[in-house]
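# Examination of the molecular architecture
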Amino acid sequence: MPNIKCIAVGIGLSVLGQIASATTLQPIPDEALVRASQLVAVGTVGRIEALQRRDGRIVTEITFRIERRVKGRPRSRSIVLTQPGGRVGSNVQWTYGVAEFSVGERALVFARLGRDGRLRPVGMALGKYAVAAGPNATATRQLPTRDTRALEQFLEHLAALAASAPDRDAPVRSGRHREATGAVRTGQVVERFSLLDA
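So, here is what we can say about the structure in this document.

## As for the nonpolar core
Core analysis: the largest hydrophobic core is formed by 19 residues, its most contacted members being L39, I48, F64, I79, L81, F101 and L119. Of all the secondary structure elements, the ones that give two or more residues to this core are β1 (39-53), β2 (58-71), β4 (78-84) and β8 (106-113). For this core, the element with the most residues is β1, which contributes 4 residues. Apart from residues lying up to four places away in sequence, I79 is in contact with L39, I62, T63, F64, I66, P74, L119 and S174. Counting residues in hydrophobic clusters, the runner-up holds 17 residues, among them V34, V40, A137 and A162.

Written out as structure tokens, the structure is:
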């Protein structure tokens, strides 16, 4: 009988190890990040809304007003980024490694459309740099390690990388997704999408 418990514990640890490794973030070289992105742009977060679907899953939609684009030609000055998880009432779901956003925050985002028509940050948190304003503006990514760049030089570097991409000026849909009637059970507008608020 003790052997069965050891096997069960071993299987359980193996599964936990696989789950943990599923959200391990590794830095992506700038070239690969730009290549994987359909849209690279600087903008401001205007609205954040968490939606709980009838199947129980929660997704959070971040409305992002574009100020300056580096790659891609969005059809609208406003796009919607979708992230897994969020908080609706007392129901909380969180995936380690997703990008965090706050209403009013300026950011540089690297995004790609999924098969479902939703725009998502490339590489989860790897696809978002928070922008700090001022004469020496910076762009900072927190995960997997802190990476801070001088904003203007970083944007020039990214534009140079995007210049030879065949999809540099390709149209990009807004990422707005119309849920099927009845698919969303409830929603909640929030000020932040972050682990601390989950």
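## Quick look at the packing of aromatic side chains
Under the counting rule described, the total for this entry stands at 3 aromatic pairs. Both rings, one in W94 and one in F193, keep their centres 4.8 Å apart while their planes meet at 40°; by these two values the pair is tilted. Of this pair, W94 sits in the loop between β6 (91-93) and β7 (101-102) while F193 sits in strand β15 (residues 192-193); the two residues are 99 residues apart in sequence, bridging distant segments of the chain. In this structure, K128 is placed above the aromatic ring of F101, and the distance from its NZ or CZ to the ring centre is 5.0 Å. It is R149 that lies over the ring of F154; its NZ or CZ is 4.3 Å from the centre.

## Examining the pairing of strand β11 (residues 138-141)
Pairing geometry for strand β10 (residues 128-132) and β11, over 3 bridges, is antiparallel. Looking at the pairing, V131 lines up with A139 of β11. Linkage of β10 to β11, two consecutive antiparallel strands, is achieved through a turn of 5 residues, within which G134 is found at a positive phi near 125°. Two elements, β11 and strand β12 (residues 147-150), share 4 bridges in a ladder whose sense is antiparallel. In the strand pairing of β12, T140 is matched with T148. Where β11 hands over to β12, the hairpin turn is made up of 5 residues, counted between the paired strands.

## What to know about the pattern of salt bridges
Under the definition given, this model contains 15 salt bridges. By sharing partners, the salt bridges in this structure join D30, R141, D147 and R149 into a single network.

## Considerations on unusual backbone geometry
A cis geometry characterises the amide bond from L143 onward to P144, with omega recorded as 0°. Along the polypeptide, P144 turns up in the loop between β11 and β12. Positive phi is not limited to glycine here, since M124 has a value of about 55°. In this fold, M124 is placed in the loop between β9 (119-121) and β10. What makes M124 partly exposed here is its relative accessible area of 26%.

## As for the environment of G72
Following the sequence through the fold, G72 ends up in the loop between β2 and β3 (73-74). The exposure class of G72 is buried, given its relative accessible area of 0%. Expressed as a C-alpha distance, the spacing of G72 and D167, which sit 95 residues apart in the sequence, is 6.9 Å. G72 has contacts with Q38, L39, D167, R168, A170 and V172, leaving out every residue within four places of it along the chain.

About the criteria used
Residues numbered from 1 in each chain as written. Predicted model: local features only at pLDDT ≥ 70, side-chain atom pairs only at ≥ 80, totals over all residues. Heavy atoms only, no water. Core = buried A, V, L, I, M, F, W, Y, C linked by side-chain atoms within 4.5 Å. Buried < 20%, exposed > 50% of the residue type's maximum accessible area, 1.4 Å probe, protein only. Helix = DSSP H or I, 4+ residues; strand = E, 2+ residues; numbered from the N terminus. Contact = heavy atoms within 4.5 Å. Phe/Tyr/Trp six-rings, centres within 6.5 Å; stacked < 30°, edge-to-face > 60°. Lys NZ or Arg CZ within 6 Å of the ring centre and 35° of its normal. Pairing = 2+ DSSP bridges. Salt bridge = Lys/Arg side-chain N within 4 Å of Asp/Glu carboxyl O.

No statement about biological role is implied by the geometric values presented.
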